[in-house]
Amino acid sequence: RKEVDTTAGEEAFVLEYLRQGQLAYVYGKTLFVHGGVTEANMGTVPGKAGKYDNVREWVSELNAWGAAEVQAYEKGPAPGVKLNSKERAGHGLMDYGVPDGNDGKSVIMATYLKNGNAEQVPRSVEKYLSKSGVSSLLVGHIPHGETPTVMKGQKAMDVM
């Protein structure tokens, strides 16, 4: 597929997107993630033991891991490894972006929807984020029709 072919130049637009992308981003007091922050994924980075206590440090390490996965992918598979194999360089990032990938600890695939309805962010997640000065969380996956879902946290957290 030319979209991710390391030799395709400008046609490899998905690969360029991955090079520039971030798994999470903190701007001031706001954390942006694609899916959500859960008790399972908060503070975790694939391949690293334990959890990061500081959100900004966690986001930095998570993005560094993602960038390293893209770089590994660009180097190509080892001789004899199939392109779609779990042994292929960069597979960790591919696994992180699929349902139940990374043992369900992905900020990409997490969601606050249950049976089509938004659920409250767990208080433990809210505490984790607020301890690092994060008071707003912007995520995808929770629209209602054409409009975003806006939720008030249990204490001092806004989720959109």
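Everything here concerns the structure above.
For clarity, every value in this text was computed on a predicted model and none was experimentally measured.

Definitions and limits used
- Residues numbered from 1 in each chain as written.
- Predicted model: local features only at pLDDT ≥ 70, side-chain atom pairs only at ≥ 80, totals over all residues.
- Heavy atoms only, no water.
- Helix = DSSP H or I, 4+ residues; strand = E, 2+ residues; numbered from the N terminus.
- Rg over C-alpha atoms; globule rule 2.2 N^0.38 Å.
- Buried < 20%, exposed > 50% of the residue type's maximum accessible area, 1.4 Å probe, protein only.
- Contact = heavy atoms within 4.5 Å.
- Areas by Shrake-Rupley, 256 points an atom, 1.4 Å probe, with all protein chains shown as cover.
- Expected span 1.5 Å × (residues − 1).
- Arc of directions from axis to C-beta.
- Polar contact = N/O pair within 3.5 Å; in protein donor to acceptor, adjacent residues only side chain to side chain.
- Phe/Tyr/Trp six-rings, centres within 6.5 Å; stacked < 30°, edge-to-face > 60°.
- Salt bridge = Lys/Arg side-chain N within 4 Å of Asp/Glu carboxyl O.

**Student:** Can you walk me through the overall build of the chain in this structure?
**Tutor:** Along its length, the chain carries four helices and seven strands. In the chain, the order of α-helices and β-strands from amino to carboxyl end is α-β-β-α-α-β-β-α-β-β-β. In terms of overall dimensions, the chain is globule-like: its C-alpha atoms have a radius of gyration of 17 Å, near the 15 Å expected for 160 residues. Principal-axis analysis of the C-alpha atoms places the extent of the chain at approximately 55 × 35 × 30 Å. Counting across all 160 residues of the chain, residues that qualify as buried make up 36%. Considering only residue pairs separated by 6 or more positions, the chain has 56% of its internal contacts joining residues 24 or more positions apart. Carbon and sulfur atoms form 52% of the exposed surface of the chain, whose accessible area is close to 9600 Å².

**Student:** What is the right way to look at helix α2 (residues 55-75) in this model?
**Tutor:** Residues spaced three or four apart along an α-helix face the same direction, because each turn holds 3.6 residues. Taking 1.5 Å per residue as the helical rise, α2 with its 21 residues ought to reach 30 Å, and the 30 Å between its terminal C-alpha atoms agrees with that figure. Along α2, the residues classified as buried are Val55, Trp58, Val59, Leu62, Asn63, Trp65, Gly66, Glu69, Val70 and Tyr73. Seen along its axis, α2 keeps its buried residues to an arc of 155°; they face one direction. Where α2 is buried, its residues meet α1 (13-20), β1 (24-27), β2 (30-33), α3 (91-96) and α4 (123-131). Measuring from the side-chain oxygen of the N-cap residue of α2 to the backbone nitrogen of arginine 56 gives 2.9 Å; that N-cap residue is asparagine 54. Positive phi shows up at glycine 76, right after α2, with a value of about 95°.

**Student:** Please clarify how the packing of aromatic side chains should be interpreted in this entry.
**Tutor:** The description of two aromatic rings rests on the distance between their centres and on the angle between their planes. All chains considered together, the criterion is met by four aromatic pairs. Ring geometry for tyrosine 25 against tyrosine 27: centres 6.5 Å apart, planes inclined by 20°, an arrangement best described as stacked. We classify tyrosine 25 as partly exposed; its relative accessible area is 36%. A residue is classified by how much of its surface remains accessible, and tyrosine 27, at 57% relative accessible area, is exposed. Taking the centre distance of 5.9 Å and the plane angle of 70° together, the rings of tryptophan 58 and tyrosine 128 count as edge-to-face. With a gap of 70 residues between them, tryptophan 58 in helix α2 and tyrosine 128 in helix α4 connect regions that are remote in the sequence. Overall, tryptophan 58 belongs to the buried group, its relative accessible area being 0%.

**Student:** Mind showing me how you'd approach the environment of valine 37 here?
**Tutor:** Mapped onto the elements of the fold, valine 37 is located in the loop between β2 and α2. Residue classification places valine 37 among the buried positions, given a relative accessible area of 0%. Put simply, valine 37 and glutamate 126 are 89 residues apart on the chain and 9.2 Å apart in space, counted from C-alpha to C-alpha.

**Student:** Any chance you could explain the pattern of salt bridges here in plain terms?
**Tutor:** Where side chains of opposite charge bring their charged atoms close, a pairing between them can arise. As enumerated under the stated definition, the model contains four salt bridges in all. The salt bridge partner of arginine 19 is glutamate 16, with a shortest N-O separation of 2.7 Å. Of this pair, arginine 19 and glutamate 16 both sit in helix α1, three residues apart, roughly one helical turn. Connected via shared salt-bridge partners are Glu16, Arg19 and Glu74.

That is the geometry; function is a separate question.
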